[in-house]
Amino acid sequence: MSAVATGKKIVLLAGPGESTDILFHALDEEFGVHRVIIETPISQQQLLKRRTQKLGYATVAGQILFKLLVAVPLGRASQLRLKNIRLQAKLDNRPVPNDRVLHVPSVNSAECIAALQESQPDVIVVNGTRIISKKVLTSVPCPFINTHAGITPLYRGVHGGYWALTQNDRAHCGVSVHLVDPGIDTGAIIAQALIEPTPEDNFITYPLLQLAAGLPLLKQAVRDALHGNIQLKKPPTGESRLWSHPTLSEYLRYRQLNGTK
């Protein structure tokens, strides 16, 4: 029985993008999504300014070079593989219908809090937003659940699958479904799964493999949340690290060292 049929409400709180489109269709088909709230992304200028303050000019310059010289052409070359992953995993990436979307300036805005409180959701699924403030997380009495492209807490931040492969750590190359707290991918773990990249896969395709592996876990987590019986898992042992985008030199080094694409 769907969440709609039982009177339960699921809200998708997200940034724009393909992964949000895929999550919406998967959840809407399974449960029925009550509302989709999408925040306006931070501008590239603001993003680069913040990243430079945090990482320094040299690192950010290296990340820009990686994007221009590797990620962009790799993205063009990976379109067939991406299409095959979508087909194999039955991922629907059609845009979320406009009439289902409420746009807010930020997940941390007063408009977002008002929309959440008006919706009175039973569970909130988060995807691709900026860090959510404690004020928002405590604004409604329900769990916030996120799918993270990495095994937490070892691979927090971005590109967790890629970084695990650079570290020869296939045992932790995967995806996590976790509760959201005010930290960066530090919330309690609900479920985790590994991916098995093929020789066809690379930096561009790993996230889609992770999303495909994470969707069944997310659906089960939502199902459990709606019944009030989320079961938490012990985190894997190891150093908790926050990973960023690779620089050009990092990518080339790991490509030469162990063939990580």
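Given the structure is predicted, the values throughout are model-derived calculations rather than measurements.

Conventions adopted
Residues take numbers from 1 onward in each chain, read along the sequence in its written order. A pLDDT threshold of at least 70 governs which residues receive local features in this predicted model, and a stricter bar of 80 or more applies before side-chain atom pairs are shown or counted, although totals over entire chains, interfaces and linings include all residues. Only hydrogens and water are removed before side-chain values are computed, so all heavy atoms of the structure are retained for them. Two strands are counted as paired when DSSP detects at least two bridges linking them. Helix and strand definitions here come from DSSP, where helices need a minimum of 4 consecutive H or I residues and strands a minimum of 2 consecutive E residues; each element is numbered from the N-terminal end. Lines fitted to the C-alpha atoms define the axes, with helices restricted to the stretch that makes contact. Angles between their N-to-C directions range from 0 to 180 degrees. Residue contacts are defined here by distance: any two heavy atoms, one from each residue, within 4.5 Å place the two residues in contact. Each residue is assigned to one of three classes by its accessible area relative to the maximum for its type, calculated with a 1.4 Å probe on protein chains only: buried under 20%, partly exposed between the two thresholds, exposed over 50%. Nonpolar side chains (Val, Leu, Ile, Met, Phe, Trp, Tyr) are joined into patches within 5 Å and like charges within 9 Å, using only residues with over 30% relative accessible area and no salt bridge. Each accessible area value is a Shrake-Rupley result obtained with a 1.4 Å probe; residue values ignore everything except the protein chains displayed when judging cover. The salt bridge definition used is simple: a Lys or Arg side-chain nitrogen within 4 Å of an Asp or Glu carboxyl oxygen. Nine residue types can take part in a nonpolar core, namely buried Ala, Val, Leu, Ile, Met, Phe, Trp, Tyr and Cys, and a core is a set of them joined through side-chain atoms within 4.5 Å. Helix crossings get a hand from a simple test, with the near helix turned counterclockwise from the far one by less than a right angle marking a left-handed crossing and a clockwise turn marking a right-handed one. Throughout, the ten residues Ala, Val, Leu, Ile, Met, Phe, Trp, Tyr, Cys and Pro are labelled nonpolar, Asp, Glu, Lys and Arg are labelled charged, and all others, Gly among them, are labelled polar.

**Quick notes on the sheet that holds strand β1 (residues 10-14)**
Part 1 of the argument: If you trace the seven strands from one edge of the open sheet to the other, you get β3-β2-β1-β4-β5-β7-β8, paired in mixed fashion. Strands at the two margins of the open sheet, each flanked by one partner only, are β3 (101-104) and β8 (189-194). Direction aside, neighbouring strands of the sheet carry axes that sit 20° apart on average.
Part 2 of the argument: As paired elements, strand β4 (residues 123-127) and strand β5 (residues 144-148) share three bridges and run parallel to each other. For V125, the partnering residue across the bridge sits in β5 and is I145.
Part 3 of the argument: The sheet strands contacting helix α5 (residues 110-119) are β1, β2 (35-39), β3, β4 and β5, and the helix crosses β2 at an angle near 170°.

**What about the environment of V140?**
Part 1 of the argument: Counting through the fold element by element, V140 comes out in the loop between α6 (134-137) and β5.
Part 2 of the argument: Under the relative-accessibility criterion, V140 is labelled buried at 7%.
Part 3 of the argument: Ignoring any residue separated from it by four or fewer positions in sequence, one finds V140 in contact with L116, Q117, P121 and I124.

**Digging into a nonpolar patch on the surface**
Part 1 of the argument: Taken together, the side chains of L48, I64, L65, L68 and L69 define a hydrophobic patch exposed on the protein surface, amounting to about 430 Å² of accessible area.
Part 2 of the argument: Sorting elements by how many residues they give to the nonpolar patch places helix α3 (residues 57-77) first, with four residues.
Part 3 of the argument: The topology assignment puts L48 in helix α2 (residues 44-55).

**Regarding the nonpolar core**
Part 1 of the argument: Counting residues in each nonpolar core, the largest one holds 50 residues, and the members touching the most others are I10, V36, I145, L218 and V222.
Part 2 of the argument: With ten residues, helix α8 (residues 206-226) is the largest single contributor of residues to this core.
Part 3 of the argument: Membership of the second largest hydrophobic core comes to 18 residues, among which are L116, I124, V126 and V136.

**So, the environment of P121**
Part 1 of the argument: Its place among the elements puts P121 in the loop between α5 and β4.
Part 2 of the argument: Each C-alpha atom, one on P121 and one on P235, is 28 Å from the other, the two residues being 114 residues apart in sequence.

**Digging into the pairing of strand β7 (residues 174-179)**
Consecutive residues of a regular strand have side chains that alternate between opposite faces of the sheet.
Part 1 of the argument: Along β7, five of the six residues are buried, which leaves the element largely enclosed by surrounding structure.
Part 2 of the argument: In the sheet, β5 pairs with β7 via four bridges, with the strands oriented antiparallel. Within the sheet, the bridge partner assigned to H148 lies in β7 and is S176.

**Comments concerning the environment of V107**
Part 1 of the argument: Checked against the element boundaries, V107 lands in the loop between β3 and α5.
Part 2 of the argument: Spatially, the C-alpha atom of V107 lies 32 Å from that of Y251, the residues being 144 residues apart in sequence.
Part 3 of the argument: Contacts of V107, omitting those with residues within four sequence positions, involve L13, E39, C112, T129, R130, I131, I132 and V136.

**A closer look at the packing of helix α1 (residues 18-30) against α8**
Part 1 of the argument: Axis separation between α1 and α8 bottoms out at 11 Å; the angle between their running directions is 35°. Considering how the two elements wind past one another, α1 and α8 form a crossing that is right-handed. Along its contact with α1, which presents E18, S19, I22, L23, A26, L27 and E30, the element α8 presents L208, L211, L215, L218, K219, V222 and R223.
Part 2 of the argument: A class-by-class count of the residues in the contact of α1 with α8 yields nine nonpolar, one polar and four charged.

**Quick word on the pattern of salt bridges**
Part 1 of the argument: Per the counting criterion, the structure on display carries eight salt bridges.
Part 2 of the argument: The closest approach of N and O atoms between E30 and R223, which form a salt bridge, is 2.5 Å. Placement of E30 in helix α1 and of R223 in helix α8 is noted, with a sequence separation of 193 residues between them.
Part 3 of the argument: Take R223: its relative accessible area is 26%, and that puts it in the partly exposed class.
Part 4 of the argument: Among the charged side chains, a salt-bridge network with shared partners connects E30, K219 and R223.

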